[in-house]
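Each chain, letter by letter, is given below.
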Amino acid sequence: YARIGGASPILGQTEIQASALEEALRGDGNTWRAFVCMRYWHPFTEQVVQQVRQFAPDQVVLLPLYPQFSTTTTASSVAAWQREIGRLKIPTTLVCCYPEERGFIDASAELVKAELEAIGGKARVLFSAHGLPEKVIKAGDPYQEQVERTAHAVAQRLGLADWAVCYQSRVG
């Protein structure tokens, strides 16, 4: 942590993304506000729902920053949101999963390309993802399949011949 500023960069990076989204939406005649909401750290769902209540929107668009859907991430985050905001009766739309969305794949490929160029271009590329219990996958969770589609799309975009998907936190 000392080398990256003493703390996780996730909140700061997410706030930068929220500001960029607001800027991109500005000027369409509507008033947009992007709220950052975390599942396991500040700002917690309960806090953000209070901010949304004060903003009083006509509608809410949930944009989870999980490109691949999982019952353990996207679904649990959306459920927490719905529990907290349910009584407000605000129409809500969910932008769900984008494992092969062109902009996401292009951005991911550019990051991999830059690293490959920095080391001379020849390397086996490992796409690392969080592991899930095998029973979750066997119960129909699409996460593993979507992670593999993302990795394949990035590898194809870059013309990679030597690549693989690996999983962290082996369980089951």
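Scroll up to find the structure this text is about.
Residues numbered from 1 in each chain as written. Predicted model: local features only at pLDDT ≥ 70, side-chain atom pairs only at ≥ 80, totals over all residues. Heavy atoms only, no water.

Moving on to the nonpolar core. Ranked by size, the top nonpolar core spans 11 residues in total: Ile105, Ala109, Val112, Leu116, Val125, Phe127, Ala151, Ala153, Val154, Ala155 and Leu160. For this core, the secondary-structure elements that each account for two or more residues are α4 (102-118), β3 (125-130) and α6 (143-158). Ignoring any residue separated from it by four or fewer positions in sequence, one finds Phe127 in contact with Ala151, Val154, Ala155, Leu160, Trp163, Ala164, Val165 and Cys166. (Core = buried A, V, L, I, M, F, W, Y, C linked by side-chain atoms within 4.5 Å. Buried < 20%, exposed > 50% of the residue type's maximum accessible area, 1.4 Å probe, protein only. Helix = DSSP H or I, 4+ residues; strand = E, 2+ residues; numbered from the N terminus. Contact = heavy atoms within 4.5 Å.)

Now for the packing of α4 against α6. Where α4 contacts α6, the two axes come as close as 9 Å, and the packing angle between them is 60°. The element α4 and its partner α6 pack so that their crossing is right-handed. Facing Phe104, Ile105, Asp106, Ser108, Ala109, Glu110, Val112 and Lys113 of α4, the residues of α6 in contact are Thr150, Ala153, Val154, Arg157 and Leu158. The class makeup of the residues in the contact of α4 with α6 is 7 nonpolar, 2 polar and 4 charged. (Axes fitted to C-alpha atoms, helices over the stretch in contact; angles between N-to-C directions. Left-handed = near helix turned anticlockwise from the far one by under 90°. Nonpolar A, V, L, I, M, F, W, Y, C, P; charged D, E, K, R; others polar.)

Moving on, we come to unusual backbone geometry. Note the cis peptide between His42 and Pro43, where omega equals 0°. Tracing the backbone shows Pro43 in the loop between α1 (10-25) and α2 (45-55). The phi angle at Ala56 is positive, at roughly 55°, despite the residue not being glycine. Backbone geometry places Cys97, a non-glycine residue, at a positive phi of 45°. As for its position among the elements, Cys97 is in the loop between β2 (92-94) and α4.

So, about α4. Under the 1.5 Å per step criterion, the end-to-end length of α4 is 24 Å for 17 residues, consistent within 8% with the ideal 24 Å. What α4 keeps buried is the set Ile105, Ser108, Ala109, Val112 and Leu116. When α4 is viewed along its axis, its buried side chains cluster within an angular range of 100° and face the same direction. Away from its buried face by more than 90 degrees, α4 exposes Leu111, Glu117 and Ala118. Against the buried residues of α4 lie β3 and α6. The backbone nitrogen of Gly103 has a side-chain oxygen 2.9 Å away, supplied by the residue at the start of α4, namely Glu101. Phi for Gly120, located one or two positions after α4, is positive at around 95°. (Expected span 1.5 Å × (residues − 1). Arc of directions from axis to C-beta. Polar contact = N/O pair within 3.5 Å; in protein donor to acceptor, adjacent residues only side chain to side chain.)

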